[in-house]
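An overview of the molecular structure
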Amino acid sequence: MKLIYINEIGSDYKGQKQYEFIFSESTEIDMDEWFVIPSSSTSQPKSPEVEYVDLVGLLKDTDLHLELIQDSDYFGVIDAVDGVVALGWEKFNFDSEFERISFKFGESLESVTKKLKQREYLLIKEELKIKESWKGQN
């Protein structure tokens, strides 16, 4: 499984973040809106279509704050696909005792899980059961 997108779900009342890490068996994704530069200039949904999604990992109740490519005022999602920039990254912090985390397009599920475990974060893996019913309709 390869990482193809990170989606911020939001913050809870304590300011803790929740993210979806979206994985696919393939990194061949046909998404026209990913070519919009900068990403923040479009109001269209930018998450991958369900046909590309095989697994969603949920990171809940975390103090990890990620900058995400789809919110960029400089880059497009296509820049992350091409390896120019990561899908998501921590802001640089001089006071942090930890190495800065970043997640790249096409990164393996194992690598993402390992990075999160190093900070004692748990990625809750959810296989996309709706995908099977969606395939049956097409």
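Structural notes, computed from the coordinates. Here the structure is a predicted model, which is why all the values come from computation and not from measurement.

1. Comments concerning the environment of R119
Relative to the assigned elements, R119 resides in the loop between α2 (109-118) and β7 (124-127). The sequence separation of R119 and L64 amounts to 55 residues, and the corresponding C-alpha distance is 9.3 Å. Not counting the four nearest positions on each side in its chain, R119 is found in contact with L64, E90, F98, E99, R100 and I101. In terms of polar contacts, R119 uses its side chain to reach the side chain of E90, at 2.7 Å. One polar contact links the side chain of R119 to the main-chain carbonyl oxygen of E99, over a distance of 2.7 Å.

2. Overview of a nonpolar patch on the surface
Residues Y74, F75 and V84 make up a contiguous nonpolar surface patch of roughly 350 Å² in combined accessible area. With respect to the helices and strands, the residue V84 is situated in the loop between α1 (77-81) and β5 (88-90).

3. Re the nonpolar core
In terms of nonpolar packing, the biggest core is built from 34 residues, with I6, F21, F103 and L116 touching the most fellow members. Non-local contacts of I6, meaning those with residues more than four positions away in its chain, are made with Y19, E20, F21, L66, L68, Q70, L87, G88 and F103.

4. A look at the packing of aromatic side chains
Here the structure, examined in full by the defined rule, presents two aromatic pairs. When the ring of F92 is compared with that of F94, the centres are 4.7 Å apart and the planes differ by 90°; the resulting orientation is edge-to-face. The burial state of F92 is the same as that of F94; both residues are exposed.

5. Comments concerning the side chain of T62
Relative to the helices and strands, T62 resides in strand β3 (residues 55-62). Filtering out sequence-adjacent residues up to four positions away, T62 remains in contact with Q16, K17, Y19 and Y121.

6. So, the pairing of strand β1 (residues 2-11)
As paired strands, β1 and strand β2 (residues 17-24) are joined by eight bridges and run antiparallel to one another. Each bridged residue has a counterpart across the sheet, and for S11 the counterpart in β2 is K17. Hairpin connection between β1 and β2: a loop of five residues separates the two successive antiparallel strands, and G15 in this loop has a positive phi of roughly 85°.

7. Considerations on a negative patch on the surface
A cluster of acidic residues, D30, D32, E49 and E51, forms a negative patch on the protein surface. Locating E51 in the fold gives a position in the loop between β2 and β3.

8. Overview of the pattern of salt bridges
Summed over the entire model, instances satisfying the criterion amount to four salt bridges. Among the ionic pairs, E67 bridges to K91, the shortest N-O distance being 3.5 Å. With a gap of 24 residues between them, E67 in strand β4 (residues 66-68) and K91 in the loop between β5 and β6 (102-103) connect regions that are remote in the sequence. We classify E67 as partly exposed; its relative accessible area is 31%. A salt bridge links R119 to E90, with the shortest nitrogen-to-oxygen separation between them at 2.7 Å. Of the two residues, R119 sits in the loop between α2 and β7 while E90 sits in strand β5, which places them 29 residues apart along the sequence. Residue classification places R119 among the buried positions, given a relative accessible area of 13%.

Rules of the game
- Residues numbered from 1 in each chain as written.
- Predicted model: local features only at pLDDT ≥ 70, side-chain atom pairs only at ≥ 80, totals over all residues.
- Heavy atoms only, no water.
- Helix = DSSP H or I, 4+ residues; strand = E, 2+ residues; numbered from the N terminus.
- Contact = heavy atoms within 4.5 Å.
- Polar contact = N/O pair within 3.5 Å; in protein donor to acceptor, adjacent residues only side chain to side chain.
- Patch = residues over 30% accessible without salt bridge, like charges linked within 9 Å, V, L, I, M, F, W, Y side chains within 5 Å.
- Areas by Shrake-Rupley, 256 points an atom, 1.4 Å probe, with all protein chains shown as cover.
- Salt bridge = Lys/Arg side-chain N within 4 Å of Asp/Glu carboxyl O.
- Core = buried A, V, L, I, M, F, W, Y, C linked by side-chain atoms within 4.5 Å.
- Buried < 20%, exposed > 50% of the residue type's maximum accessible area, 1.4 Å probe, protein only.
- Phe/Tyr/Trp six-rings, centres within 6.5 Å; stacked < 30°, edge-to-face > 60°.
- Pairing = 2+ DSSP bridges.
- Lys, Arg positive; Asp, Glu negative; His and termini not counted.
- Charge placed at Lys NZ, Arg CZ, Asp CG, Glu CD.

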